[in-house]
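Coordinates in review
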Amino acid sequence: MDLSDYVRLRPYAFHTTAATNHPRLLASQTVESARTMFARAGLADDPRLRMRRAEHTSVDVGVHRVLVRDQRPIAPGAIAFDDGWDLARFVEHLNGFAFFWPGARERPIKYGRNHFARYEAEGEELVVLRVATQDLFDANADRPPSFSRCNSGSARMQGGKRVP
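The paragraphs below set out a description of the structure included in this document. (Residues numbered from 1 in each chain as written. Predicted model: local features only at pLDDT ≥ 70, side-chain atom pairs only at ≥ 80, totals over all residues. Heavy atoms only, no water.)

1. Some words on the overall build of the chain
Looking only at helices and strands, the chain has six helices and five strands in total. Its helices and strands in sequence order give the chain the pattern α-β-α-α-β-β-α-β-α-β-α, from N to C terminus. A compact globule built from 164 residues should have a C-alpha radius of gyration of about 15 Å, and the chain, at 16 Å, falls within 12% of that. With the C-alpha coordinates aligned to their principal axes, the bounding extent of the chain is approximately 40 × 35 × 35 Å. By the burial criterion, 33% of the 164 residues in the chain qualify as buried. In the chain, the proportion of contacts linking residues at least 24 apart, taken out of those at least 6 apart, comes to 66%. For the chain, the accessible area works out to roughly 10200 Å², and carbon and sulfur atoms hold 51% of it. When the 24 positive and 20 negative side-chain charges of the chain are each reduced to one mean point, those points stand 5 Å apart. (Helix = DSSP H or I, 4+ residues; strand = E, 2+ residues; numbered from the N terminus. Rg over C-alpha atoms; globule rule 2.2 N^0.38 Å. Buried < 20%, exposed > 50% of the residue type's maximum accessible area, 1.4 Å probe, protein only. Contact = heavy atoms within 4.5 Å. Areas by Shrake-Rupley, 256 points an atom, 1.4 Å probe, with all protein chains shown as cover. Lys, Arg positive; Asp, Glu negative; His and termini not counted. Charge placed at Lys NZ, Arg CZ, Asp CG, Glu CD.)

Right, dumping it as structure tokens:
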């Protein structure tokens, strides 16, 4: 499948974040990775970037306090790590991405809706961003999109086997 086929299949992309992050999003007009936010906060070498976050954590990015999501759904025992990889390296890698759920105009795919519902069930006020997938790709033309066969932030055993 090429990107034009993907855009036809999934014309919109959705990103959720804590409502407290909305002022920063409006000011920056950018969804940034945890790694980028830590760097903007002067914490580029912070060891928390290599540790699975059991809770949300906050960092001060300029005049904004940004809430960075927990990583509780990551199940290390469900991951088949390649040689040279471990949980710390995997978490550090994930922290370099901003994640979007694919979907149609009205809503993301079911797994995305379940993801949003998890935070709502915990009483968190959310902001959900919807962007045309082609616009997202165009705005990031210098960095092609990455796709994952599984929800990398919530890997689960598939057919009784660890996911690569």
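2. Looking at the environment of leucine 87
With respect to the element layout, leucine 87 can be found in helix α4 (residues 87-94). Note on leucine 87: relative accessible area 27%, which makes it partly exposed. In this structure, the C-alpha to C-alpha distance between leucine 87 and glycine 77, residues 10 residues apart in sequence, is 9.7 Å. Beyond its immediate chain neighbours, meaning those up to four positions away, leucine 87 contacts Ile74, Pro76 and Phe81.

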